[in-house]
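# A closer look at the structure
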Amino acid sequence: MSPAESLPEAVLIVGGGLAGFTVAQELRKRGYDGTVTIVDPEGLPYDRPPLSKEYLDGSVPASNLPFVEESWFEKNSVDLVVDRVAGINPDDGIVTLESGALWTADVIVFAAGGRARPLPVPGGDLPGVIQLRTKADADGLRELLVPGRRLVVIGGGLIGAEVASTASKAGADVTLIDPVKLPGAMAMGQTIALYLHQLHEAHGVRVIDKPTTAIHRQGEEWMVTIDEGPLRGGSEVTADGVLVAIGIVPDVSLAVAAGLDINNGVMVDDSQRTSHPRVYAVGDVARGRAPDGTPLDRHEHWQSAMQSGQTAAAAIMGQELPVHPAPWMWSDRYGHHVEAVGSMAQGRLVVRARDGKPWVSFLLDDDNRVLGAAAIDGGIAIRAAQRMIDHGTVVDPAQIADPAVNLKKLAR
Amino acid sequence: MRKLSSSPLIRQAMMTPSPSFFSDGKYFALDDTCSHEDASLGDGWIEGEEVECPIHAAKFSLCTGSALCLPASKPVKTHRVEVRGDEIWLYPGEAVEGAELIGDGAVAS
């Protein structure tokens, strides 16, 4: 470990989402005793996965969302500044806030996250079109989740599917629009994605697999125009509200102005350090590189955000970087808990079924090593698969497909 | 105080909400419910002296009950376990020495 005098005296974190908060928490866990400041206009850092599920349906109150209670910040001497960052000057280590305040820091951590990707059609950016990024967004959306109200969800990915599930359970009349025939196939594999996608219609959600071409507003009503193809032309869906959930764009504007290296995200090395030695980037906004220098896909999931924060904290302290397990994600919909680990993009699919329904899908390479896995209500299977991926375990496809075989034992 | 079998399958003989764990030759007893959301740590993945929640992967120390990573930040209760010869004794409600105390929103170190 570096001698204490070589550690930075002050670390300023731009953004208090999961990744930004984790940097602060991890610095203190590792014994860092310099100044730690988080700047975020939303104040007390909170967890976002419930915004499309338990917080949206009201079963988890707002008071349960923060990662830690307010007293944590005092106990751990972490300053929380409720403001928005207006500019970053990396050379001088100066961060300007919208209030006009200037902060100096030896290390700046950029954790600005992402913004909801706008739908690139006429009316896609009309005021009142709903997005779901913040607690306030969820509060607005919740007003539509009552019996009889008509909600159009554009985008059948994780957020769109979770909101469709939450809204239909609340009795809303839900239409889910996504031109992709099988959303989630890249993340969970065909078999699991298909089973999950069919749950929408089974729960009364109307699914339209056509592109949206326009959004109009007429008084209190919204009209969403769908392209039904050259023969049928356009059709319209009328709604009381429209949610656009087609992913995020990394919020790089401050990083661009600061002169950092950008390529659909702020480029970082293995230690989350950007092209400027004083600045680290973590979470959804950061983009790493493969060992050969090729930019990696940004893994816009909860655990990756946390892990990037842990890595940056270790790097800031000059400590050995943590080794992270294969990337993992989860989703909850229609009463099912879904998880995936590793890569489900390409390989040989082996399905473990239970009661005639897909339970766990494994993706294997040519040597029967596990590349990825996805499961419905199979958390232990995914944890086993994660170890198999990390250890490069060669498996017997017949064994992992057999629901009677204990995967935990195979992963040991 | 409850007397338990010394089988490694001890946790199956236990009554929730206080599962025991047998890991690396040692016995531990923790409250079953994750401090983050309603999930059973008894169904979690045990490795070394840690248990990982089966739903959102929060990790807890089997020794102290401390939350080791988000999304959990509050500890779960520990219960003292004592091995007497080939018998295992559980003291429900009696925290393990050095365990993180519950209350006042204490955050794992």
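Cut-offs applied
- Residues numbered from 1 in each chain as written.
- Chains lettered and ligands numbered in written order.
- Predicted model: local features only at pLDDT ≥ 70, side-chain atom pairs only at ≥ 80, totals over all residues.
- Heavy atoms only, no water.
- Contact = heavy atoms within 4.5 Å.
- Buried area = accessible area lost by both parts, 1.4 Å probe.
- Salt bridge = Lys/Arg side-chain N within 4 Å of Asp/Glu carboxyl O.
- Polar contact = N/O pair within 3.5 Å; in protein donor to acceptor, adjacent residues only side chain to side chain.
- Helix = DSSP H or I, 4+ residues; strand = E, 2+ residues; numbered from the N terminus.
- Nonpolar A, V, L, I, M, F, W, Y, C, P; charged D, E, K, R; others polar.
- Buried < 20%, exposed > 50% of the residue type's maximum accessible area, 1.4 Å probe, protein only.
- Pairing = 2+ DSSP bridges.
- Axes fitted to C-alpha atoms, helices over the stretch in contact; angles between N-to-C directions.

On the chain B side, the residues contacting the 28 residues of chain A number 23 residues. Where chain A abuts chain B, roughly 2000 Å² becomes buried across the two surfaces, and 53% of that area is made up of carbon and sulfur atoms. The largest per-residue losses of area from chain A upon contact with chain B belong to Lys 29, Arg 383 and Arg 387 of chain A, which jointly make up 25% of the total buried on that side. Our count for the contact surface shared by chain A and chain B stands at four salt bridges. When the shortest N-O distance is used, the salt bridge between Glu 52 of chain B and Arg 383 of chain A registers 2.9 Å. For the interface between chain A and chain B, the tally reads eight residue pairs in polar contact (both at pLDDT 80 or more). Among the elements of the structure, helix H1 (18-29), helix H2 (71-75), helix H8 (302-316), strand E20 (328-333), strand E21 (336-342), helix H9 (379-391) and helix H11 (407-411) of chain A are those that each provide at least two residues to the side of chain A that touches chain B. The residue makeup of the side of chain A that touches chain B, split by class, is 12 nonpolar, five polar and 11 charged.

Right, let's talk about the pattern of salt bridges for a bit. All chains considered together, the criterion is met by 23 salt bridges over all chains. A salt bridge links Asp 209 of chain A to Lys 181 of chain A; the shortest N-O distance between them is 3.1 Å. Highlighted residues: Asp 209 of chain A in the loop between strand E11 (206-208) and strand E12 (212-218) and Lys 181 of chain A in the loop between strand E10 (173-177) and helix H5 (185-188), separated in sequence by 28 residues. A residue is classified by how much of its surface remains accessible, and Asp 209 of chain A, at 27% relative accessible area, is partly exposed. Accessibility expressed as a relative area gives 58% for Lys 181 of chain A, which makes it exposed. Here Arg 80 of chain B makes a salt bridge to Glu 94 of chain B, at a shortest N to O gap of 2.7 Å. Taken together, the residues Arg 80 of chain B in strand E7 (residues 78-84) and Glu 94 of chain B in the segment after strand E8 (87-91) connect sequence positions 14 residues apart. Taking relative accessible area as the criterion, Arg 80 of chain B reaches 26% and is therefore assigned partly exposed.

A few words now on the sheet that holds strand E7 (residues 107-110) of chain A. Residues and elements named next belong to chain A. An order of E3-E2-E1-E7-E18 is seen for the five strands of this open sheet, with the pairing classed as parallel. Each edge of the open sheet is held by one strand with a lone partner, namely strand E3 (78-81) and strand E18 (279-281). With strand direction ignored, the average angle separating the axes of adjacent strands in the sheet is 20°. Where strand E2 (residues 35-39) and E3 come together, four bridges link them in parallel fashion. Counterpart to Thr 37 in the pairing with E3 is Asp 79.

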